[in-house]
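These are the residues of each chain, in order.
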Amino acid sequence: MSSKATKYVFVTGGVLSGLGKGITAASIGKLLKARGLSVNLQKCDPYLNVDAGLLNPREHGECFVTKDGAETDLDLGHYERFIDEELTGSSSLMSGRVLLKLIQDERAGKFEGEDVQIIPHLTGSIADWITEAGKGFDVHIVEIGGTVGDYESLSFVEAIRELGLRVGLENCVYVHVVYLPYLGASNETKTKPAQNSVRELRGLGIAPDILVGRSENHASQAAKEKLSLFSGVAESSIALLPNAKSIYEVPLTLEDTGIADVITKKLKLKTSKPHLDDWRQVVEKATSTYGKTISVAFVAKYMDNSDTYMSVLEALRAAAWHKNVNVDITWIDATEFDENPKNTAKELEKYEGILVPGGFGKRGLEGKIASAAYALNSKKPYLGLCLGMQVAVVAAARNAGIKSATTFELNPESKELVINTMSDQSDKLNTGGTMRLGNYDCQIEKDTLAAKLYKSTKIVERHRHRGECNNKYKAEFKKWGIVASGTNPENNLVEIIEAENHPFFIACQFHPEFRSRPNRPHPLFSGFVESLL
Ligand code: GLN
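This text gives an overview of the structure that appears in the document. Please read these numbers as outputs of a predicted model, since none were measured by experiment.

Below, the discussion takes up the site of the ligand. With respect to spatial proximity, 13 residues lie near the ligand, and among them Gly-359, Gln-390, Glu-409, Arg-464 and Gly-467 are the closest. Between the ligand and Gly-359 there is a distance of 2.9 Å, counted from a nitrogen atom to a backbone nitrogen or oxygen. A distance of 3.1 Å is found between a nitrogen atom of the ligand and a side-chain nitrogen or oxygen belonging to His-511. For the ligand, the protein covers 98% of the area, taking 300 Å² as the surface of the free molecule. Listed by contribution, the elements that provide at least two residues to the shell around the ligand are α16 (387–399) and β19 (458–465). Classifying every residue of the shell around the ligand by side-chain character gives four nonpolar, six polar and three charged.

So, in structure tokens, the structure goes:
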């Protein structure tokens, strides 16, 4: 990292949400890193929540966990996968966090009698959080959630405007991502909504340096010329970004538009030739169709939003490409097995492998336990992640005759809680930031499947859960046909279990999906895919 002042790239969005601003920000990060620069990314979210920990994953998508245990927006997952760096909690900033600190400071008398106002106090405070997160990096890329003009995101937009004055406009690039709709009747890409959005941004005091025009199909050169004329942004600073076959293609498409060079030129950054060969291989793998397809039953809830399990799906796909196979993932609604656990066999026998991802709450839990039991007994490959490990342990205990074995989420009063909360957790259910979060060490037993997959006996993985394997039962694992193949050396809690006499049955208390990369799939996912070949 250089000691020079950090330069900033601000990414805002207009016209409508869901344009892939996060992917655009991550792609810019990738292109700058590929030029030898040190890059950080930060997502600013206008929600009044303090972090993403208590947000409903069904509506908001996955809660991504950083190594230092921050519960963040799923865009951080894209950032990490694209720039291949581990970010920290400072890369996620929600309004609630800024406001909480501001009000606490006010109560602590830190304003010495001043009026505390949106401008300059709130906006100045946002600018402070941003500069703090960017310290030490060549470039800090800041994505502002929401759409410009929303009442909600006004303070963030104002903060990045003020920040431009604070650090010098020559050290900032403002990128505005807009939508270019296509009208079939007149066979035309329309630029008016984008023009209006640029006008709105200008009205808020920000003149965009770069426009990224998102469209469903390829927009024409004529559309670009028109957008340039009416928005006053040079054609060379407008990137057209039609829908991609794979999100991993976006950095390459952006590279071809030349905007990475526009950014480095404006910021007067010394760069090397972009190294994108490894990424081209990723895209090649991600977009290829292979001769063989493996089928995986994904036993979960929230069937209507794949964002809920974003990192797990990306990890599974990456593992499959790297083994040169397609993966066919079928969502199985665990809640359907809750009442009729016997139906699992009929449904799950259709698939080669079974994956149970993380989850919370009672609904679907019995169904997931039944699915793990089916995998154990039928010898079908099984990968359990977090909750997927807890249900596997319950299934193994019940298989061995402890019929009332259960977990704290199903029946906290039970006498046979093989999965239970730690004593410091039981009174904190449904509160924010109180789970076991972030990196913990894991010591792996020699001669186990885990050791074979990781090719190491010391690993670190990210956590997000309240429940743990109840160590009271650990001595019985052998009788249940499972082994604790990974344990945390400090707190002695079980991190990984696997079944004996089974071709592939492994489950972990942590979330390996957060450390998988498109260019470097995670060993547990690779092992799972391998077991299905
Ligand atoms: N609900 C379980 C717990 O709190 C599992 C959490 C998860 O899967 N992330 O321990």
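Its twelve residues place the ends of helix α7 (residues 192–203) 16 Å apart at the C-alpha level, agreeing with the 16 Å of an ideal helix rising 1.5 Å per residue. Regarding α7, the residues found buried are Ala-194, Gln-195, Ser-197, Val-198 and Leu-201. With its buried residues spanning 165° around the axis, α7 presents them on a single face. For α7, exposure combined with an orientation more than 90 degrees from the buried face picks out Lys-192, Arg-199 and Gly-203. Looking at the buried residues of α7, the elements they touch are β1 (7–13), α6 (154–167), β7 (172–179), β10 (210–215) and α8 (221–231). Where α7 ends, the next residue or the one after it, Gly-205, has phi of about 95°, a positive value.

Bringing unusual backbone geometry into the picture now. Most of the time, phi is negative for any residue but glycine, and the peptide bond is trans. Following Ile-119, the chain continues into Pro-120 via a peptide bond in cis, with omega recorded as 10°. Here Pro-120 is to be found in helix α5 (residues 118–134). Of note, Glu-112 is a non-glycine position whose phi angle comes to about 45°, a positive value. On the secondary structure map, Glu-112 appears in the loop between α4 (95–107) and α5.

Right, let's get into the packing of α7 against α8. In the contact formed by α7 and α8, the axes pass within 10 Å of each other and the chain directions differ by 30°. One element, α7, and the other, α8, form an angle in the roughly parallel class. Seen along the crossing, α7 lies across α8 with a hand that is right-handed. Residues Ala-194, Gln-195, Val-198 and Arg-202 of α7 lie in contact with α8, whose contacting residues are Leu-227, Phe-230 and Ser-231. When the residues that make up the contact of α7 with α8 are grouped by side-chain class, the tally is four nonpolar, two polar and one charged.

With that out of the way, let us pick up the sheet that holds strand β11 (residues 238–242). Pairing within the open sheet is parallel, and its seven strands lie in the order β5-β2-β6-β1-β7-β10-β11. Here the strands that pair on one side only, and so sit at the sheet edges, are β5 (92–94) and β11. Strand after strand, the sheet turns through a mean of 20° between neighbouring axes, direction not considered. The strands touched by helix α1 (residues 21–33) are β1, β2 (39–45), β6 (139–144), β7, β10 and β11; relative to β6, the strand with the most contacts, the crossing angle is about 175°. Strand contacts of α7: β1, β7 and β10, with the helix running at about 145° to β7, the strand carrying the most contacts.

To continue, consider the packing of aromatic side chains. On inspection of all chains with the given rule, the structure shows 14 aromatic pairs. Centroid distance Phe-64 to Phe-514: 4.8 Å. Interplanar angle 65°. Geometry classified as edge-to-face. With a gap of 450 residues between them, Phe-64 in strand β3 (residues 64–65) and Phe-514 in the loop between β23 (505–508) and α19 (523–531) connect regions that are remote in the sequence. Summarising the burial analysis for this pair, Phe-64 and Phe-514 share the class buried. Their ring planes at 10° and their centres at 4.4 Å tell us that Tyr-382 and Phe-505 sit as a pair that is stacked. Here the residue Tyr-382 occupies a position in strand β15 (residues 382–385), and Phe-505 occupies one in strand β23, the gap between them amounting to 123 residues. The class of Tyr-382 is buried, set by a relative accessible area of 0%. Grouped by ring-pair contacts, the aromatic residues Phe-82, Tyr-248, Trp-279 and Trp-321 constitute a single cluster.

What follows is about the pairing of strand β13 (residues 326–333). The sheet contact formed by strand β12 (residues 293–300) and β13 spans eight bridges and is parallel. Each residue of the ladder has a partner; that of Ile-294, found in β13, is Val-327. Considered for its hand, the β-α-β crossover made up of β12, helix α12 (residues 310–322) and β13 is right-handed.

The tally for this structure, following the rule as stated, stands at one cavity of 30 Å³ or more. One number sums up the size of the largest cavity: a volume of about 40 Å³. In terms of residue class, the lining of the largest cavity is made up of three nonpolar, four polar and one charged.

Pairs may arise between side chains of opposite charge once their charged atoms sit close together. Following the criterion strictly, the structure yields 29 salt bridges and no others. The partner of Lys-33 in a salt bridge is Glu-85, and the shortest N-O contact between them spans 2.9 Å. With Lys-33 in helix α1 and Glu-85 in the loop between α3 (75–83) and β5, the pair connects residues that are 52 residues apart, well separated along the chain. A relative accessible area of 33% places Glu-85 in the partly exposed class. When salt bridges that share partners are traced, they join Glu-80, Asp-84, Glu-86, Arg-462, Arg-515, Arg-517 and Arg-520 into one network.

What counts as what
Residues numbered from 1 in each chain as written. Predicted model: local features only at pLDDT ≥ 70, side-chain atom pairs only at ≥ 80, totals over all residues. Heavy atoms only, no water. Near = heavy atom within 4 Å. Polar contact = N/O pair within 3.5 Å; in protein donor to acceptor, adjacent residues only side chain to side chain. Areas by Shrake-Rupley, 256 points an atom, 1.4 Å probe, with all protein chains shown as cover. Helix = DSSP H or I, 4+ residues; strand = E, 2+ residues; numbered from the N terminus. Nonpolar A, V, L, I, M, F, W, Y, C, P; charged D, E, K, R; others polar. Expected span 1.5 Å × (residues − 1). Buried < 20%, exposed > 50% of the residue type's maximum accessible area, 1.4 Å probe, protein only. Arc of directions from axis to C-beta. Contact = heavy atoms within 4.5 Å. Axes fitted to C-alpha atoms, helices over the stretch in contact; angles between N-to-C directions. Parallel < 35°, antiparallel > 145°, perpendicular 65-115°, else oblique. Left-handed = near helix turned anticlockwise from the far one by under 90°. Pairing = 2+ DSSP bridges. Phe/Tyr/Trp six-rings, centres within 6.5 Å; stacked < 30°, edge-to-face > 60°. Right-handed = clockwise from strand over helix to strand, strands pointing away. 1 Å grid on protein atoms, 1.4 Å probe; cavity = no way out; pocket = protein on both sides within 12 Å on 5 of 7 lines; lining within 4 Å. Points joined across faces, edges and corners; volume = space filled by probe spheres on them. Salt bridge = Lys/Arg side-chain N within 4 Å of Asp/Glu carboxyl O.

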